[in-house]
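Architecture at a glance
Each chain, letter by letter, is given below.
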Amino acid sequence: MTDKMLSRKDGGVGYLIFNNPERHNAVSLEMWAATRDILESFRNDPEIRVVVLTGAGGKAFVSGADISKFGAERSSEEAVATYNATTEQAFSGVHQFPKPTIAMIRGYCIGGGMALATCCDMRICTPGSKFGIPAAKLGLGYDHKGIRRLMDVVGPSFAKEIFFTARQFDAEEARMMGFVNRVVPDAELETYVKNYGDTIAGNAPLTIGAAKYAVSELLKDEIERDIDSVAAAVKRCFDSKDYVEGRTAFMEKRKPVFTGQ
């Protein structure tokens, strides 16, 4: 692990924090690898029901890759292949994470930061946040998986605009494009996201997991969808103790206590 990546738990919410504020949370290869490891620990922790990804320092979520390390990390064909494989493991790890994920964004969300936020289920930002993918200004090729994930969130036309212009756009544009779910005042961001996370964590995890899985399958090309597995996930909800608890709590006019069983 590296001290450039932090994690903590607050009730049912786990926090994954990019901790490189002196470089606006630019991400190195070892940070991408640590991201993968932290996600795995949260995946295996039954107490964690929601994961929030954010950046330290108050000025950036993630400002992209640490370009100062490109000479060491991306200087040869083999190094580029290793770098791309590691970053894709981090991105796909977030995108395919079985529990809900929220990107809590303040400040710069650029390049790899925007790619990372795209992988989350929801994105909540402050009015001063800035977004962009400057690949076309750096001559970088962009993998089709990353483009597909962005296109699934904002649609093909806005995805093209983001890549073609390589410009930064503000929080209101991000909201208009459908990239962010909410724009909240800077002073309220942590509380808002914590309350949002607690609300989700208090709901039935099997139901949430089944819904998340169904959305991911329906975003695939029709020939690749596994609808039977979606139906199986729904059946697990109805067969669960949580379904009994939900019905019972409703009749007794109390808050349900879900266990994921």
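To be clear, the structure that these remarks concern was listed above.
Heads up: these notes are all about the structure in this document. Just so you know, these numbers come straight off a predicted model, no measurement behind them.

Procedures and definitions
- Residues numbered from 1 in each chain as written.
- Predicted model: local features only at pLDDT ≥ 70, side-chain atom pairs only at ≥ 80, totals over all residues.
- Heavy atoms only, no water.
- Helix = DSSP H or I, 4+ residues; strand = E, 2+ residues; numbered from the N terminus.
- Buried < 20%, exposed > 50% of the residue type's maximum accessible area, 1.4 Å probe, protein only.
- Contact = heavy atoms within 4.5 Å.
- Polar contact = N/O pair within 3.5 Å; in protein donor to acceptor, adjacent residues only side chain to side chain.
- Core = buried A, V, L, I, M, F, W, Y, C linked by side-chain atoms within 4.5 Å.
- Phe/Tyr/Trp six-rings, centres within 6.5 Å; stacked < 30°, edge-to-face > 60°.
- Lys NZ or Arg CZ within 6 Å of the ring centre and 35° of its normal.
- Pairing = 2+ DSSP bridges.
- Salt bridge = Lys/Arg side-chain N within 4 Å of Asp/Glu carboxyl O.
- Axes fitted to C-alpha atoms, helices over the stretch in contact; angles between N-to-C directions.

A few words on the environment of Thr126. Take Thr126: it is sitting in the loop between β7 (122–125) and β8 (130–132). The exposure class assigned to Thr126 is buried, which follows from its relative accessible area of 1%. For the pair Thr126 and Ile105, spaced 21 residues apart in sequence, the C-alpha separation works out to 6.7 Å. Contact partners of Thr126, with chain neighbours within four places excluded, come to Ile105, Arg106, Gly107, Ala171, Val183, Val184, Asp186 and Leu189. Polar side-chain contacts of Thr126 include one of 3.0 Å to the side chain of Ser129.

Further remarks concern the nonpolar core. With 44 residues, the main nonpolar core has Phe18, Phe61, Met114, Leu116, Phe131, Leu150 and Phe179 as its most contacted residues. Ranked by residues supplied to this core, first place goes to helix α1 (residues 29–43) with 6 residues. Leaving out residues up to four positions away in the same chain, Leu150 has contacts with Met114, Thr118, Ile133, Gly155, Ala159, Ile162, Phe163 and Phe179. Judged by nonpolar contacts, the second largest core, of 15 residues, contains Val13, Val50, Ile124 and Leu189.

This structure, assessed with the given rule, holds 7 aromatic pairs. Where Tyr192 meets Tyr196, the ring centres are 5.5 Å apart and the plane angle is 20 degrees; that geometry is what we call stacked. Here Tyr192 pairs with Tyr196, and both are found in helix α9 (residues 189–201), just 4 residues apart, close to one helical turn. Accessibility expressed as a relative area gives 26% for Tyr196, which makes it partly exposed. The structure contains a cluster of three or more aromatic residues connected by ring pairs, namely Phe18, Trp32 and Phe91. The cationic tip of Arg123 hangs over the ring face of Phe179; the distance from NZ or CZ to the ring centre is 5.1 Å. Positioned over the ring face of Tyr243 is Arg247, at 4.5 Å from the centre of the ring.

In a beta sheet, neighbouring strands pair by backbone hydrogen bonds and run either parallel or antiparallel. With respect to topology, 6 strands assemble into an open sheet ordered β1-β2-β3-β5-β7-β10, the strand pairing being mixed. Across the chains shown, the open sheet's two edge strands, defined by having one partner strand only, are β1 (5–10) and β10 (182–183). The pairing of strand β3 (residues 50–55) with strand β5 (residues 101–105) spans 3 bridges and is parallel. Bridge pairing in β5 links Val52 to Ile102.

With that out of the way, let us pick up the side chain of Thr35. With respect to the helices and strands, the residue Thr35 is situated in helix α1. Judged by relative accessible area, which is 0%, Thr35 ranks as buried. Excluding anything up to four places from it in sequence, Thr35 contacts Met5, Leu16, Phe18 and Ala90.

We now examine the pattern of salt bridges. Taken as a whole and judged by the stated rule, the model has 20 salt bridges. Across the salt bridge formed by Glu88 and Arg149, the nearest N and O atoms sit 3.0 Å from each other. Of this pair, Glu88 sits in helix α3 (residues 77–95) while Arg149 sits in helix α6 (residues 144–154); the two residues are 61 residues apart in sequence, bridging distant segments of the chain. As far as the burial class goes, Glu88 and Arg149 line up, both buried.

As a further point, take the sheet that holds strand β9 (residues 169–170). The mixed open sheet is built from 4 strands, whose spatial order is β4-β6-β8-β9. Of all the strands in the sheet, the pair left with one neighbour each is β4 (60–62) and β9. As paired elements, β4 and strand β6 (residues 108–110) share 2 bridges and run parallel to each other. Bridged to Ala60 within β6 is Tyr108. Contacting β4, β6, β8 and β9, helix α4 (residues 112–119) runs over the sheet at an angle of about 90 degrees to β6.

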